[in-house]
Amino acid sequence: MTGALLLRPWWLAGLVPLLALAWWLDRRGPSAGGWEQVMPAHMLAAMRALGALGGSTGRWGPLLPVGAAALLVLGLSGPALPRADAPVLARTDSVLIAIDLSPSVARGPALAQAQQAAAALLQGLAGRPVGLILYSGEAYAASAPTTDPRTLQTLIAVLDADTVPGQGSRPAAAIGLAGQMFADAGQADLVLISDGAGVDGQAVAEAGRLAALGTRIWAVRVVGAAPQAPTPAPDALAQLVQSGGQMVLAQDVDDLAARLRQGGDRRREPAVTALGYRDLGPFLAALAALPLLQMLRRRQ
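Residues numbered from 1 in each chain as written. Predicted model: local features only at pLDDT ≥ 70, side-chain atom pairs only at ≥ 80, totals over all residues. Heavy atoms only, no water.

With that out of the way, let us pick up the overall build of the protein chain. Looking only at helices and strands, one finds 12 helices and nine strands in the protein chain. In the protein chain, the proportion of contacts linking residues at least 24 apart, taken out of those at least 6 apart, comes to 85%. By element, 61% of the accessible surface of the protein chain is carried by carbon and sulfur atoms, the whole surface being about 15,700 Å². (Helix = DSSP H or I, 4+ residues; strand = E, 2+ residues; numbered from the N terminus. Contact = heavy atoms within 4.5 Å. Areas by Shrake-Rupley, 256 points an atom, 1.4 Å probe, with all protein chains shown as cover.)

Pasting the structure below:
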């Protein structure tokens, strides 16, 4: 049952009045059609034992329609299992991770923090397509969004100061490239992993343009600049956070991954989710015919 879910869980609310009705019927006891008011108790018990009152179902007879209704409610809630033949649909809720490989990061202890943060994001974003951008003075698309994180994990593990050519740090280039890579900017997230170097007016303008399309921009701040490298202001990256994003430290990246994962789930259409599962609700609802047939048999 791994991966099972309910496609329409709000229908389970219908079980509450059914449980209350079942409790009341059980407390009341089986009905004898009014004979219990005029017939002695021992005679009433004998008639019930012979099946003359209440049918062969005894005390459970009044609960049969409640059981049928409960099965219908459970079927309407849509219990479902993943489909092996599910159609492959293009996902638009992508996450792009942009890693700063400027000298201040790549030649100091901040590089290890950046690698660990990126690896933690990959692990925590299972199910969402994740792409990778590397930047220094220019930005490069290292990988298009993919749901297979193994390739990105290998790439992140071997990053060093010579991975990206050139000098400087231009987050504006990374943000601009992210806008080109997103299939649907309105359902995407961009995560910048940096020490905050290079944040300028152009970077803020690019972030605002991308946020206006609906992209959330997040930032993960790493610390530990390379020797002789200037230390950026602690709040430099906060200027780029847009559209409900947040700036966190590298050690808090697990919480960020959880928020990104939940954000992706919220934006998925229920109809699209249902395509990946086999709805067992109709089969469960069909079982409601069993207590109904028992009621018909009792009345013959």
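What follows picks up the thread again.
Strand order in the open sheet made by the six strands is E5-E4-E3-E6-E7-E8, with mixed pairing throughout. Pairing within the sheet leaves two strands with one partner each, and these edge strands are strand E5 (139-146) and strand E8 (247-249). Strand-to-strand twist in this sheet, taken as the mean axis angle between neighbours without regard to direction, amounts to 20°. In this sheet, E5 lies alongside strand E4 (residues 130-135) in antiparallel orientation, the contact comprising five bridges. (Pairing = 2+ DSSP bridges. Axes fitted to C-alpha atoms, helices over the stretch in contact; angles between N-to-C directions.)

This structure, assessed with the given rule, holds six salt bridges. Residues Arg-8 and Asp-279 are paired through a salt bridge, measuring 3.0 Å at the closest nitrogen-oxygen approach. Linking Arg-8 in the loop between strand E1 (5-6) and helix H1 (15-28) with Asp-279 in strand E9 (residues 277-279), this pair joins segments that are 271 residues apart in sequence. For Arg-8, a relative accessible area of 24% translates into the label partly exposed. Asp-148 is the salt-bridge partner of Arg-150, the closest N and O atoms lying 3.0 Å from each other. (Salt bridge = Lys/Arg side-chain N within 4 Å of Asp/Glu carboxyl O. Buried < 20%, exposed > 50% of the residue type's maximum accessible area, 1.4 Å probe, protein only.)

Attention now moves to helix H7 (residues 171-181). Side chains three or four residues apart in an α-helix point the same way, a direct result of the helix having 3.6 residues per turn. Where burial is concerned, most of H7 is hidden: nine out of the 11 residues are buried. Contacts from the buried residues of H7 go to strand E3 (95-100), E4, E5, strand E6 (189-194) and helix H8 (201-212).

Together, Leu-6, Leu-12 and Leu-74 make up a nonpolar patch on the protein surface, roughly 190 Å² of accessible area in all. With respect to the element layout, Leu-74 can be found in helix H3 (residues 64-76). The exposure class assigned to Leu-74 is partly exposed, which follows from its relative accessible area of 30%. (Patch = residues over 30% accessible without salt bridge, like charges linked within 9 Å, V, L, I, M, F, W, Y side chains within 5 Å.)

Glancing now at the environment of Phe-182. As for its placement among the helices and strands, Phe-182 is situated in the loop between H7 and E6. Since its relative accessible area comes to 8%, Phe-182 is described here as buried. For the pair Phe-182 and Leu-96, spaced 86 residues apart in sequence, the C-alpha separation works out to 8.3 Å. In this structure Phe-182 touches Ser-94, Leu-96, Ala-188, Asp-189, Leu-190, Leu-210 and Thr-215, once residues within four positions along its chain are discounted.

Moving on, we come to the nonpolar core. Of all hydrophobic cores here, the largest spans 33 residues; its most connected members are Ile-97, Ile-99, Leu-121, Val-191, Ile-193 and Val-220. Those elements that provide at least two residues to this core are E3, helix H4 (103-106), helix H5 (110-124), E4, helix H6 (150-157), E6, strand E7 (216-221) and helix H9 (253-267). Counting residues per element, this core draws most heavily on H5, at eight residues. Setting aside its immediate chain neighbours within four residues, Ile-97 contacts Ala-118, Leu-121, Leu-122, Val-130, Gly-131, Leu-132, Ile-133, Val-191 and Ile-193. (Core = buried A, V, L, I, M, F, W, Y, C linked by side-chain atoms within 4.5 Å.)

This part covers the sheet that holds E9. Across the sheet, which stays open at both edges, the three strands sit in the order E1-E2-E9 with antiparallel pairing between neighbours. Single-partner strands in this sheet number two, and they are E1 and E9. Taken together, the three bridges between strand E2 (residues 79-82) and E9 define a ladder with antiparallel strand orientation. Bridge pairing in E9 places Leu-81 opposite Arg-278.

So, on to the environment of Asp-160. Within the element layout of this structure, Asp-160 appears in the loop between H6 and H7. When the C-alpha atoms of Asp-160 and Arg-107 are compared, they prove to be 7.8 Å apart, with 53 residues separating the residues in sequence. Excluding its chain neighbours within four sequence positions, the residues that come into contact with Asp-160 are Leu-101, Ala-106 and Leu-111. Engagement of the side chain of Asp-160 in a polar contact is seen with the backbone nitrogen of Asp-162, the distance being 2.9 Å. (Polar contact = N/O pair within 3.5 Å; in protein donor to acceptor, adjacent residues only side chain to side chain.)

Turning to the pairing of E3, a few remarks are in order. The buried fraction of E3 amounts to six of the six residues, a majority that puts the element mostly inside the structure. Side chains Val-95, Ile-97 and Ile-99 project from E3 onto one buried face, and the interleaved Leu-96, Ala-98 and Asp-100 project onto a second face that is buried too. Where E3 meets E4, six bridges bridge the pair, whose relative direction is parallel. In the sheet register, Ile-99 faces E4, and the bridge partner there is Leu-134. Where E3 lies against E6, five bridges are found, and the strand directions are parallel. Across the sheet, the residue bridging to Val-95 is Asp-189, located in E6.

Keep in mind these numbers describe shape, not what the thing actually does.
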